[in-house]
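What the coordinates show
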Amino acid sequence: VQLQASGGGLAQTGGSLRLSCVASGEISSRNTVGWYRQAPGQPRDSVALIMDDDGSTSYVEDVKGRFTISRDNAKKTVYLQMNDLKVEDTGVYYCKLWDWGRMAAYWGQGTQVTVSS
C-alpha cells in the first residue's frame, strides 16, 4: 500500500488549499485516515481524522471551523480542505492510514504547506 499526498504549496494568510491523499494497493474497507502536520523543529502532530464506518471526524482545536477532512472511498482518496489559513499552519502535511482489517498502518510522503502574511 502506498499513500500519495499532494496539494501543498504557498498561500497567504486567509487563503485556502486542498490536500489530497490517494491510496494505491489493496486496503481493507475498515480503515481510518488522518492528516498530520510537522512544523520545522516540531514533532508531527495530528490535525484531523476521519473514520471509515460512519465518516465521523475529529480535529485538533486550532483548526476547527477552518479545516474539513472528507473522503471518497471509490477513489481511495481523503481530502483536507484548509480555509482561512494562518502562518502557524505552515509545515509538512502527512497522511496516515490505519488498516484495521490488516492491522497495518501506512504513511504518505508529505506535502509542504507554507503560509505567508
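Higher on the page you've got the structure.
Criteria and thresholds
Residues numbered from 1 in each chain as written. Predicted model: local features only at pLDDT ≥ 70, side-chain atom pairs only at ≥ 80, totals over all residues. Heavy atoms only, no water. 1 Å grid on protein atoms, 1.4 Å probe; cavity = no way out; pocket = protein on both sides within 12 Å on 5 of 7 lines; lining within 4 Å. Points joined across faces, edges and corners; volume = space filled by probe spheres on them. Helix = DSSP H or I, 4+ residues; strand = E, 2+ residues; numbered from the N terminus. Nonpolar A, V, L, I, M, F, W, Y, C, P; charged D, E, K, R; others polar. Phe/Tyr/Trp six-rings, centres within 6.5 Å; stacked < 30°, edge-to-face > 60°. Buried < 20%, exposed > 50% of the residue type's maximum accessible area, 1.4 Å probe, protein only. Salt bridge = Lys/Arg side-chain N within 4 Å of Asp/Glu carboxyl O. Contact = heavy atoms within 4.5 Å.

Of the voids in this model, the largest pocket is the one considered here, and its volume is about 170 Å³. Taken together, 16 residues form the lining of the largest pocket, with I27, N31, R71, N73 and K76 sitting closest to its centre. When residues of the lining of the largest pocket are traced back to their parent elements, those giving at least two are β3 (17-24), β4 (31-38), β7 (67-72) and β8 (77-82). In terms of residue class, the lining of the largest pocket is made up of 7 nonpolar, 5 polar and 4 charged.

A few words now on the packing of aromatic side chains. Under the counting rule described, the total for this entry stands at 3 aromatic pairs. An angle of 45° between the planes, with centres 6.3 Å apart, marks the rings of Y36 and W98 as tilted. Here W98 lies in strand β9 (residues 91-99) and Y36 lies in strand β4, a separation of 62 residues in the sequence. On the accessibility criterion, W98 (17% relative accessible area) is buried. Ring geometry for Y36 and W107: centres 4.9 Å apart, planes at 65°, overall edge-to-face. Of the two residues, Y36 is situated in strand β4 and W107 in strand β10 (residues 104-107); the sequence distance between them amounts to 71 residues.

Attention shifts here to the pattern of salt bridges. Per the counting criterion, the structure on display carries 5 salt bridges. Residue R37 is joined to D89 by a salt bridge in which the shortest nitrogen-to-oxygen separation is 3.1 Å. With R37 in strand β4 and D89 in the loop between β8 and β9, this residue pair connects regions lying 52 residues apart in the sequence. Each member of the pair, R37 as well as D89, is classed as buried. We classify D89 as buried; its relative accessible area is 0%. The network of salt bridges with common partners includes R37, D62, R66 and D89.

Further remarks concern the environment of W98. C-alpha of W98 to C-alpha of S116: the two residues are 18 residues apart in sequence and 33 Å apart in space. Residues contacting W98, with those up to four places away along its chain left out, are R30, N31, T32, V33, G34, Y36, L49, A104 and A105.

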